[in-house]
Amino acid sequence: MSQLPTIAIDGPAGAGKSTVTKLVAARLGLLFLDTGAMYRSIAWLVLEANLALDDELKIAELVSRAKIVLAGERVVVNGIDVTEAIRTQTVSGKVSAIAKLGVVRAELVKQQQAIGAQGGIVAEGRDMCTQVFPDAQVKIFLTASVGERARRRQQDLRDRGQGEVSLAELEQSIAERDTIDSMREISPLKKAVDAVEIISDNLSIEEVVETIVAMYEHVVNK
Ligand code: DC
């Protein structure tokens, strides 16, 4: 094999993609790419600039000038560290509307493909298997029930000191986001026909990581 394989992981919000992606990348010595952070960064910029969510012209201009740097755990946009700012409920509530815009997706997909051009990457998002890395050697659709994902998000917000949000509210916002992400016209969230589905409700993080590492090793040792 001339270059290192690519692992593509898609799935809905809160299925554990981020945690699993980072652990798999660390285990295998690969780069990890959190493409949600890129959409969140654009949403943050749009909110900061006070642009209307449907002002595609202004948003297109903003995306084309945005410099997003993913440096390990940190996310830096136009020189500003937005690592924490892009994880607030405000950004989470707006990001789906931004992520469905064609002008935003075209630019970010181009950047993601450039980052992954050499392989050796674990990329997570919604359209990694279907659009961005359709030739990835390992393709995963990682999901969990809405209830389980809301519980995890609640714990996550607590751990980050971002306050107490009720399960009902989280379930509603997760379900809304699922609907927007899977109904949108361009690159909707869906399992690629050749992706392996992993339902993580009753699996530990380590079990999910093991499954993906084993799939990767199978491909590499072929
Ligand atoms: O994974 P996340 O929750 O950080 O993603 C934030 C938003 O970005 C979510 O609404 C879906 C969208 N997204 C997308 O449309 N395509 C991707 N490849 C990654 C995320």
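Scroll up to find the structure.
Notes on the structure in this doc start here. (Residues numbered from 1 in each chain as written. Predicted model: local features only at pLDDT ≥ 70, side-chain atom pairs only at ≥ 80, totals over all residues. Heavy atoms only, no water.)

Digging into the site of the ligand
Moving on, step 1. Neighbouring the ligand are 17 residues; R40, R105, R126, D127 and R184 lie closest to it.
Moving on, step 2. T35 places a side-chain nitrogen or oxygen 3.0 Å from a nitrogen atom of the ligand.
Moving on, step 3. One of the side-chain N or O atoms of D127 is found 2.9 Å from a nitrogen atom in the ligand.
Moving on, step 4. About the coverage of the ligand: the protein hides 97% of its 450 Å² of free accessible area.
Moving on, step 5. Elements supplying a minimum of two residues to the shell around the ligand: helix 2 (35-48), helix 4 (89-99) and helix 8 (167-183).
Moving on, step 6. In terms of residue count, helix 2 provides more of the shell around the ligand than any other element does, four residues in total. (Near = heavy atom within 4 Å. Polar contact = N/O pair within 3.5 Å; in protein donor to acceptor, adjacent residues only side chain to side chain. Areas by Shrake-Rupley, 256 points an atom, 1.4 Å probe, with all protein chains shown as cover. Helix = DSSP H or I, 4+ residues; strand = E, 2+ residues; numbered from the N terminus.)

Overview of the sheet that holds strand 5 (residues 80-81)
Moving on, step 1. The strand order across the open sheet formed by three strands is 3-4-5, and the pairing between neighbours is antiparallel. Lying at the two open borders of the sheet, with one neighbouring strand each, are strand 3 (68-71) and strand 5.
Moving on, step 2. In this sheet, strand 4 (residues 74-77) lies alongside strand 3 in antiparallel orientation, the contact comprising four bridges. Note on strand 4: the bridge partner recorded for L70 is V75.
Moving on, step 3. Here helix 2 sits on the sheet and contacts strand 3, strand 4 and strand 5; the angle it forms with strand 3, its principal contact strand, is near 135°. (Pairing = 2+ DSSP bridges. Contact = heavy atoms within 4.5 Å. Axes fitted to C-alpha atoms, helices over the stretch in contact; angles between N-to-C directions.)

What to know about the packing of helix 4 against helix 8
Moving on, step 1. In contact at an axis separation of 9 Å, helix 4 and helix 8 are set at 30° when each is read in the N-to-C sense. In terms of axis orientation, helix 4 runs roughly parallel to helix 8. The interaxial crossing formed by helix 4 with helix 8 has left-handed handedness. Note on element contacts: helix 8 touches helix 4 through L170, R177, I180 and D181, opposite Q89, S92, V95 and S96.
Moving on, step 2. Across the contact of helix 4 with helix 8, the residue classes break down as three nonpolar, three polar and two charged. (Parallel < 35°, antiparallel > 145°, perpendicular 65-115°, else oblique. Left-handed = near helix turned anticlockwise from the far one by under 90°. Nonpolar A, V, L, I, M, F, W, Y, C, P; charged D, E, K, R; others polar.)

Some thoughts on helix 1 (residues 17-28)
Moving on, step 1. Helix length check: helix 1, at twelve residues, gives a terminal C-alpha distance of 16 Å against a target of 16 Å (1.5 Å per residue), a fit within 8%.
Moving on, step 2. At its buried positions, helix 1 is contacted by strand 1 (6-10), strand 2 (31-34), strand 6 (121-125), strand 7 (138-143) and helix 9 (205-220).
Moving on, step 3. Looking one or two residues beyond helix 1, the residue adopting positive phi is G29, at roughly 70°. (Expected span 1.5 Å × (residues − 1).)

Notes on the nonpolar core
Moving on, step 1. Counting 39 residues, the largest nonpolar core has I42, I59 and V104 as its most contacted members.
Moving on, step 2. Those elements that place two or more of their residues in this core are helix 2, helix 3 (56-65), strand 4, helix 4, helix 5 (102-115), strand 6 and helix 6 (128-132).
Moving on, step 3. The element contributing the most residues to this core is helix 2, with eight residues.
Moving on, step 4. Ranked by size, the runner-up nonpolar core spans 19 residues in total, among them I7, V20, I140 and V208. (Core = buried A, V, L, I, M, F, W, Y, C linked by side-chain atoms within 4.5 Å. Buried < 20%, exposed > 50% of the residue type's maximum accessible area, 1.4 Å probe, protein only.)

Examining unusual backbone geometry
Moving on, step 1. With phi around 60°, N50 is a residue other than glycine that occupies positive phi space.
Moving on, step 2. Under the relative-accessibility criterion, N50 is labelled exposed at 70%.
Moving on, step 3. With a phi angle near 45°, N78 is a residue other than glycine that sits in the positive phi range.
Moving on, step 4. Relative to the assigned elements, N78 resides in the loop between strand 4 and strand 5.

Observations concerning the side chain of D181
Moving on, step 1. With respect to the helices and strands, the residue D181 is situated in helix 8.
Moving on, step 2. Excluding its chain neighbours within four sequence positions, the residues that come into contact with D181 are S96, R126, P188 and L189.

Some remarks on the pairing of strand 1
Within a regular strand, side chains alternate between the sheet's two faces.
Moving on, step 1. Taking burial as the measure, the five residues of strand 1 include five buried ones, the bulk of the element.
Moving on, step 2. Where strand 1 and strand 6 come together, five bridges link them in parallel fashion. When the bridges of strand 6 are listed, I9 appears paired with E124.
Moving on, step 3. Across four bridges, the pairing between strand 1 and strand 7 is parallel. Residue A8 lies in a different strand from strand 7, and its bridge partner there is K139.

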